[in-house]
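Survey of secondary and tertiary structure
Listed below are the residues making up each chain.
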Amino acid sequence: MSTKQTPTPAEPAAPGPVPARLTAAAALTALEGLALAGLGVWMLLAGVLGHVDSVQQAETGGVTLIALAALPLAAARGLRLRRKWSRGPAMITQVMALPVAWTLYQTGGAMIAAAAALAAAAGTVAWLLVHPETTLALTTTATAGAE
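Regarding its fold elements, the protein presents five helices and zero strands. Going residue by residue from the N terminus, the α and β elements of the protein occur as α-α-α-α-α. Sorting the 147 residues of the protein into buried and exposed places 29% on the buried side. Put simply, of all contacts in the protein between residues at least 6 apart along the chain, 65% involve residues at least 24 apart. Accessible surface, the protein: about 9,200 Å² in total, of which carbon and sulfur atoms supply 69%.

Below, the structure is given as structure tokens:
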């Protein structure tokens, strides 16, 4: 007896290794997303434990930050997988980070260091995302059918 095998669809060609600039942009974007999620969890816990003036405000802020963390985390995953769509959300994350960094800077004290780190990360990721090597890596994948 012979068994018939159904043909499998052709898989897209492997796009090759992920460029270092794209990997760095994905890693920094993921780090920003994890920081947002961590801050959201901290706010939720502070609200639940009653260590804040307004429990409702802390819980709402925590849930909002956790929800906002989904954007950079999804973008980081898309960048790592070389998805063309992921550059937009990653760039939006960097643009949104700059006013936050400015606000942290104006707070003063220890927040100046946090502001500098956030601004440096946002600037670095934005530069990595517009770099021609990154553009080529993302558009080559899109035209190869891996989008």
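Further remarks concern the layout of surface pockets. Considering only enclosed or pocket space, the largest pocket measures out at about 410 Å³ in volume. E32, L36, A97, V100 and L118 are the residues nearest the centre of the largest pocket, which is lined by 13 residues in total. Its residues assigned to classes, the lining of the largest pocket shows eleven nonpolar, one polar and one charged. In this structure, the second largest pocket encloses a volume near 160 Å³. Residue classes in the lining of the second largest pocket are distributed as eight nonpolar, no polar and one charged.

Cut-offs applied
- What you see as residue numbers is a count from 1 along each chain, following the sequence as written.
- Under the rules for a predicted model, residues below a pLDDT of 70 receive no local features and side-chain atom pairs below 80 are neither given nor counted, while totals for whole chains, interfaces and linings still include all residues.
- Processing note: side-chain calculations cover all non-hydrogen atoms of the structure and skip hydrogens and water entirely.
- A helix here means a DSSP run of H or I that spans at least four residues, while a strand means a run of E at least two residues long, and both kinds are numbered starting from the N terminus.
- Any residue under 20% of the maximum accessible area for its type is buried, any over 50% is exposed, and the rest in between are partly exposed; the area is computed with a 1.4 Å probe on protein chains only.
- Between two residues, a contact is recorded if the distance between any of their heavy atoms is within 4.5 Å.
- Residue-level accessible areas treat just the shown protein chains as cover; the underlying method is Shrake-Rupley with a 1.4 Å probe.
- The rule is simple: put a 1 Å grid over the protein atoms alone, call a set of points where a 1.4 Å probe fits but cannot get out a cavity, call an open set with protein on both sides within 12 Å along at least five of seven lines a pocket, and count a residue as lining if it has an atom within 4 Å of a point.
- Grid points are joined across faces, edges and corners, and a volume is the space filled by probe spheres set on the points.
- All residues other than Ala, Val, Leu, Ile, Met, Phe, Trp, Tyr, Cys, Pro, Asp, Glu, Lys and Arg, Gly among them, are scored as polar; the first ten of these are nonpolar and the last four charged.

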